Amino acid sequence: MRKHSERGGAMVAAVVLLLPFLFPTLFTPFTHALPSLLSEWNAPKPRHSRLLKSALHRQTSDEQLSEMWMPLSNQGWKPCIRSDIITSSALTENSQGYIQVFLDGGLNQQRMGICDAVALAKILNATLIIPYLEVNPVWQDSSTFEDIFDVDHFIEALKDEISIVKEVPDAYFWSTREYYATAIRATRVKTAPVHASANWYLDNVLPVLESYGIAAIAPFSHRLAFDNMPKEIQRLRCKVNFQALVYVPHIRALGDALVSRLRYPSSRVDSANYLKKVGDSKEKRGAGKFVVLHLRFDKDMAAHSACDFGGGKAEKLALAKYRQVIWQGRVLNSQFTDEELRSQGRCPLTPEEIGLLLAALGFDNTTRLYLASHKVYGGEARISALRSLFPLMEDKKSLASSEERAQIKGKASLLAAVDHYVSIHSDIFVSASPGNMHNAVVGHRTYRNTKTIRPNMALLGQLFLNKSLDWAEFEKAVVEGHKSRQGMLRLRKSEQSIYTYPAPDCMCNVS
């Protein structure tokens, strides 16, 4: 009787597991969670076992390590932000009206939008209302500007540039997100093209300001051109990005604590004292060095890439289902094979692959690695190969107590802000794939002349496809292919972002 009961229970369990595949429409509400669940049924195994085994027994010379950690030399450029000084009283008297912007996207996309909003207010000689940050539909984070950035510092830093107010003036109390969501409004501008020129705003938004005293622009992300802008506008964008946008004190304090604990592993203090000055707990020996790895390998990234990550049929099915739900299958990469995508450098690097890259570049198993990542698709099983290569890998949870993280828990924008802060202050930064976080950090590190490793995605894709490579061949190809990708300053080209390539707009040539 007992055997029949156990057998029946097993059959019921099997049926339950197959239900999502047999009747997918019944499980539509759970499709967001389903892919992650399915992918963990078959834990991903290392895809490059031969290279991984060799990397685990690698020997790194002192010369290699010294060269790897060596700071960048002077590249002939320095931060250079100049602007004409205009008194705030004159700005207020001559203001053409109020500008509102509604910013979507994640933290780093919103940072760029804030910089552009200040520039636009200058172009229109308008007063800027502190930007409204939309709730991110993916992370469901409702953090406001004031939750993330030091608003008083922001206003003070820009007081000689533009007039800024924290809230919508009483005379325009009706100008809210809800007001613009319910009907077509004369004061809303929603036709701004991507990378619109200054003249477009003068022709289309200034008349709205002159008629109504306020103009609300939504959408606004990526809606201001990088080219053909007056120098003072470009320098103002730089000033906002590098000087005015400062995180709130508790984010900076936690960021400083994490940096201190990475540099001085034995100096960790209890949560009640983490705000004390970093210098109080420093050891007499020199500060340790650390690498920040931005591991952009979440569910959205994995699914949208349409690449194969070694999780078997269950993972392939889960990612295909997710693509169908989120993008209705309209993903360009789906047209190509995994081999074609990898050879073109269009697949994000897995934790295992980014670990092999770092090992080949000369980082040994004593390297302190900080993992800047919201959530890794596949969980700890996906990270295990990387952790085996770099056992001293840390993240927010391992470095800070739950009490210290209480103010940022569950808030994607605040979590990203801490990672952004630590990334800027690290000795070396490397990102597993391009994106807004990568672009934002690279811009700051270029401005500060600190080392950043840019993976050669096409080269790595081809190397990982070649299963006959031994470790010596792989290592040599990686080193050769990354000699010019470790922080060498690159001047901004036409249409490129000033926030990723701050020279020459934000910097002066002093060579």
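See above for the structure.
Reading the values: rules and limits
- Residues numbered from 1 in each chain as written.
- Predicted model: local features only at pLDDT ≥ 70, side-chain atom pairs only at ≥ 80, totals over all residues.
- Heavy atoms only, no water.
- Salt bridge = Lys/Arg side-chain N within 4 Å of Asp/Glu carboxyl O.
- Helix = DSSP H or I, 4+ residues; strand = E, 2+ residues; numbered from the N terminus.
- Buried < 20%, exposed > 50% of the residue type's maximum accessible area, 1.4 Å probe, protein only.
- Axes fitted to C-alpha atoms, helices over the stretch in contact; angles between N-to-C directions.
- Parallel < 35°, antiparallel > 145°, perpendicular 65-115°, else oblique.
- Left-handed = near helix turned anticlockwise from the far one by under 90°.
- Contact = heavy atoms within 4.5 Å.
- Nonpolar A, V, L, I, M, F, W, Y, C, P; charged D, E, K, R; others polar.
- Disulfide = S-S within 2.5 Å.
- Pairing = 2+ DSSP bridges.
- Expected span 1.5 Å × (residues − 1).

*Asks:* Would you mind showing me how to read the pattern of salt bridges here?
*Replies:* Opposite charge on two side chains makes pairing possible when the charged atoms of those side chains draw close. Considering all chains together, one arrives at 19 salt bridges under this definition. Residue Arg177 pairs with Glu134 through a salt bridge whose shortest N-O separation is 2.5 Å. Taken together, the residues Arg177 in helix H9 (residues 177–182) and Glu134 in the loop between strand E4 (132–133) and helix H7 (145–148) connect sequence positions 43 residues apart. Where Lys396 meets Asp419, a salt bridge forms, and the shortest distance between an N and an O atom there is 2.9 Å. With Lys396 in helix H19 (residues 396–399) and Asp419 in helix H20 (residues 412–424), this residue pair connects regions lying 23 residues apart in the sequence. Here Lys396 matches Asp419 in class, with each residue buried. The structure contains a network of salt bridges with shared partners spanning Arg47, Asp308 and Lys316.

*Asks:* What am I meant to see in the packing of helix H17 (residues 351–361) against helix H18 (residues 379–389) here?
*Replies:* Working note: a packed helix pair is described by the angle between its axes plus the distance between those axes. Viewed as axis vectors pointing N to C, H17 and H18 meet at an angle of 20°, and their least axial separation amounts to 7 Å. On the basis of the axis angle, H17 is roughly parallel to H18. H18 is crossed by H17, and the crossing has left-handed handedness. For the pair H17 and H18, contact is made by Pro351, Glu352, Ile354, Gly355 and Leu356 and by Arg382, Ile383, Ala385, Leu386 and Leu389, respectively. Residues of the contact of H17 with H18, tallied by class, amount to seven nonpolar, one polar and two charged.

*Asks:* Mind showing me how you'd approach the environment of Leu371 here?
*Replies:* Note on placement: Leu371 falls in strand E9 (residues 368–372). Between the alpha carbons of Leu371 and Met393 there is a distance of 6.9 Å; along the sequence they are 22 residues apart. For Leu371, the contacting residues outside a window of four places in its chain are Leu293, Leu295, Ile383, Leu386, Met393, Glu394 and Asp395.

*Asks:* Looking at this model, I keep getting lost on the state of the cysteines. Mind explaining?
*Replies:* In the structure shown here, the tally under the stated rule is three disulfides. A sulfur-sulfur separation of 1.9 Å characterises the disulfide bridge that pairs Cys80 with Cys508. In this structure the cystine formed by Cys80 and Cys508 twists about its S-S bond by roughly -55°; its chirality is therefore left-handed. Here Cys508 lies in strand E13 (residues 507–509) and Cys80 lies in the loop between strand E1 (77–79) and helix H5 (88–94), a separation of 428 residues in the sequence. Shown here is the disulfide that connects Cys307 with Cys347, its sulfur atoms set 2.0 Å apart. Between Cys307 and Cys347, the S-S torsion sits near -95°, and that sign places the bridge as left-handed. Of this pair, Cys307 sits in the loop between helix H14 (299–305) and helix H15 (312–327) while Cys347 sits in the loop between helix H16 (338–343) and H17; the two residues are 40 residues apart in sequence, bridging distant segments of the chain. Across the protein chain, the disulfide pattern expressed with sequentially numbered bonded cysteines is 1-6, 2-5, 3-4.

*Asks:* What's the story with the pairing of strand E11 (residues 428–431) in this structure? I'm lost.
*Replies:* For a regular strand, side-chain orientation follows a simple rule: the groups alternate between the two sheet faces. In E11, alternate side chains face the same way, and those of Ile428 and Val430 on one face and Phe429 and Ser431 on the other are all buried. Where strand E8 (residues 290–294) and E11 come together, four bridges link them in parallel fashion. In the sheet register, His294 faces E11, and the bridge partner there is Ser431. Where E11 and strand E12 (residues 451–453) come together, three bridges link them in parallel fashion. Bridging across to E12, Val430 finds its partner in Ile453.

*Asks:* Hey, could you run me through the sheet that holds E12 in this one?
*Replies:* Sheet strands line up and pair through hydrogen bonds in the backbone, either parallel or antiparallel. With respect to topology, five strands assemble into an open sheet ordered E10-E9-E8-E11-E12, the strand pairing being parallel. Only two strands of the sheet have a single partner each, and these edge strands are strand E10 (393–394) and E12. Of the strands in this sheet, E8, E9 and E10 are in contact with helix H13 (residues 249–263), which crosses E9 at around 150°.

*Asks:* Could you clarify how one ought to interpret helix H21 (residues 436–448) in this entry?
*Replies:* In an α-helix, one full turn covers 3.6 residues, which means residues spaced three or four apart are oriented alike. In this model, H21 (13 residues) spans 19 Å end to end at C-alpha, consistent with the 18 Å of a helix rising 1.5 Å per residue. Of all 13 residues that make up H21, 10 are buried, and the element is covered over most of its length. Every buried residue of H21 is listed here: Met437, His438, Ala440, Val441, Val442, Gly443, His444, Arg445, Thr446 and Tyr447. At the exit of H21 stands Asn449, carrying a positive phi of roughly 60°.

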